[in-house]
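Inside the fold
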Amino acid sequence: MRRTFALLLAALAVTGAALAGCGGSSHPAAPPPAATAPAPAESNPAGDIPDNQAYVTYRYDRGGVTVKVPEGWSRTDMAGGGVSFTDKLNRIEIVTAPAASAPTPRTVTADVVPTLRAHVPGFTPGTVTTVARPAGQAVLLTYQGDAPADSVTGKAVRDSFERYAFFQDGRQAVLTLSGPVGADNVDPWRTVTDSLRWQR
């Protein structure tokens, strides 16, 4: 009897201590889940024309052509003829002139490439091919060169050029598109070159 009573007291003491421990201490809250890092913002190479860029039709009466150009770009009448459109690092240039015959890859290689080599800093020739556009067949010359040095930093951007030479009824229209090497402007440049039309 005495032994049973002693065991009962011991059991009660253990239970009381356990209850006291539970009630007298607080368990630390579980740590909050690790915050998810925000997705990095999309980074486009310098000179990329936005996918949502709007275009407007420019009527070049002196040159006898119309062409779509990005809305908001700055227009400049070029010395000696022609017109250009620029925005930041990109440029579109349109020059027209009388021509006795249509250009060919051979004539562009023989006549145009040496002239560009002499006038474009850092000129590096690319390819000369024939391409089809709604305005007719054109000779496409690709090349690279150095843009004019920045007036503040003195650094020159390396540009990629696409020069399209169109011909119709004794007239040649040369459409030159340029922007930094690495810029993905395939779609915008296709929009521009597809849009060229001869005025009747």
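Whatever comes next refers back to the structure up there.
Summary of the structure given here.

How each quantity is defined
Residues numbered from 1 in each chain as written. Predicted model: local features only at pLDDT ≥ 70, side-chain atom pairs only at ≥ 80, totals over all residues. Heavy atoms only, no water. Pairing = 2+ DSSP bridges. Helix = DSSP H or I, 4+ residues; strand = E, 2+ residues; numbered from the N terminus. Axes fitted to C-alpha atoms, helices over the stretch in contact; angles between N-to-C directions. Contact = heavy atoms within 4.5 Å. Salt bridge = Lys/Arg side-chain N within 4 Å of Asp/Glu carboxyl O. Buried < 20%, exposed > 50% of the residue type's maximum accessible area, 1.4 Å probe, protein only.

A word on the sheet that holds strand E4 (residues 83–87)
Taken in spatial order, the 7 strands of this open sheet run E3-E4-E5-E9-E8-E7-E6, and their pairing is antiparallel. Of all strands in the sheet, those bounded by a partner on one side alone are strand E3 (74–77) and strand E6 (124–133). Across the sheet, the mean angle separating the axes of adjacent strands is 20° when strand polarity is ignored. Inspection of the sheet shows E3 paired to E4 by 4 bridges, in the antiparallel sense. Residue pairing for E4: Asp77 is matched across the bridge by Val83. The strands touched by helix H2 (residues 105–119) within the sheet are E6, strand E7 (136–146) and strand E8 (158–168), with E7 carrying the most contacts at an inclination of about 25°.

Looking at the pattern of salt bridges
Counted under the stated rule, the structure contains 6 salt bridges. When the shortest N-O distance is used, the salt bridge between Arg133 and Asp194 registers 3.6 Å. You can see Arg133 sitting in strand E6 and its partner Asp194 sitting in helix H3 (residues 186–195), a full 61 residues away along the chain. Note on Asp194: relative accessible area 23%, which makes it partly exposed. In this structure, the salt-bridge partner of Arg190 is Asp194, at a minimum N-O distance of 3.0 Å. Here Asp194 and Arg190 lie together in helix H3, a separation of 4 residues that amounts to about one turn. Where salt bridges share partners, they join Arg133, Arg190 and Asp194 into one cluster.

Coordinates in, geometry out; function isn't part of it.
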